[in-house]
Amino acid sequence: MTTENNTIFGKIIRGEVPSEKVYEDDDVLAFKDLNPTAPVHILVIPKKYIVNLFDVEEEDAELLGKLLLVAGKVASEQGLEEDGFRTVINNGAGVGQSVFHIHVHILGGRDFSWPPG
Ligand code: DGP
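Cut-offs used in this document
- Residues numbered from 1 in each chain as written.
- Predicted model: local features only at pLDDT ≥ 70, side-chain atom pairs only at ≥ 80, totals over all residues.
- Heavy atoms only, no water.
- Near = heavy atom within 4 Å.
- Polar contact = N/O pair within 3.5 Å; in protein donor to acceptor, adjacent residues only side chain to side chain.
- Areas by Shrake-Rupley, 256 points an atom, 1.4 Å probe, with all protein chains shown as cover.
- 1 Å grid on protein atoms, 1.4 Å probe; cavity = no way out; pocket = protein on both sides within 12 Å on 5 of 7 lines; lining within 4 Å.
- Sits in = over half its atoms within 2 Å of the grid points.
- Helix = DSSP H or I, 4+ residues; strand = E, 2+ residues; numbered from the N terminus.
- Nonpolar A, V, L, I, M, F, W, Y, C, P; charged D, E, K, R; others polar.
- Salt bridge = Lys/Arg side-chain N within 4 Å of Asp/Glu carboxyl O.
- Core = buried A, V, L, I, M, F, W, Y, C linked by side-chain atoms within 4.5 Å.
- Buried < 20%, exposed > 50% of the residue type's maximum accessible area, 1.4 Å probe, protein only.
- Contact = heavy atoms within 4.5 Å.

Engineer: Explain the site of the ligand to me, please; I cannot follow it from the model alone.
Structural biologist: Of all residues adjacent to the ligand, which total 15 residues, the nearest are Asp-33, Asn-90, Gly-96, Ser-98 and His-105. The side chain of Asn-90 places a nitrogen or oxygen atom 2.8 Å from an oxygen atom of the ligand. One nitrogen or oxygen atom from the main chain of Ser-98 is found 2.6 Å from an oxygen atom belonging to the ligand. Its free accessible area being 510 Å², the ligand has 84% of it covered by the protein chains. The cavity where the ligand resides is the largest pocket. At the level of secondary structure, the elements contributing two or more residues to the shell around the ligand comprise helix H1 (8–13) and strand E2 (28–32). Across the shell around the ligand, the residue classes tally to 7 nonpolar, 6 polar and 2 charged.

Engineer: So what exactly am I meant to see when it comes to the pattern of salt bridges here?
Structural biologist: Side-chain pairs of opposite charge can arise where the charged atoms are in close proximity. In the structure shown here, the tally under the stated rule is 9 salt bridges. The salt bridge involving Lys-32 is made with Glu-20; its shortest N-O contact spans 3.3 Å. Taken as a pair, Lys-32 in strand E2 and Glu-20 in the loop between H1 and strand E1 (21–24) lie far apart in primary sequence, 12 residues in all. A network of salt bridges, in which partner residues are shared, links Lys-21, Glu-24 and Lys-47.

Engineer: Hey, could you run me through the nonpolar core in this one?
Structural biologist: Of all hydrophobic cores here, the largest spans 17 residues; its most connected members are Val-28, Val-44, Val-74 and Ile-106. Breaking this core down by element, the ones donating at least two residues are E2, strand E3 (40–46), helix H2 (61–77) and strand E5 (104–108). No other element matches the 6 residues that H2 contributes to this core. In this view, Ile-106 contacts Val-40, His-41, Ile-42, Val-44, Ala-71, Val-74, Ala-75, Leu-80, Phe-85 and Arg-86; residues no more than four positions away in its chain are not counted.

Right under this line is the structure:
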């Protein structure tokens, strides 16, 4: 496991880079994506530095669950209950992960195709 978080999300957590926060507690932060791909595009991240799902340990189980709990709460607050929302976690550069601090994308407010591209 990596200990030094030099990613842009590490800087956002430490307040070194601004972000439009929509939720924060001791463990989790949610903020608007800088380059939204949907009318609602929010990222939910743990404050603990975890690279992606290949980097998680047994002790992270509760924290991972909390990310999803917060995702549901935030999506509800954003008015997505009627039309629904999509969650995405990209794990690895090969599938599009560009920031190597784990994050759950909340996407909503438009049509989505399945299977995803
Ligand atoms: P991914 O490709 O799954 O690693 O998603 C990374 C997302 O992070 C991407 O949708 C754009 C977003 N992002 C990158 N840099 C910043 C930033 O400085 N601020 C915010 N709010 N979002 C960022």
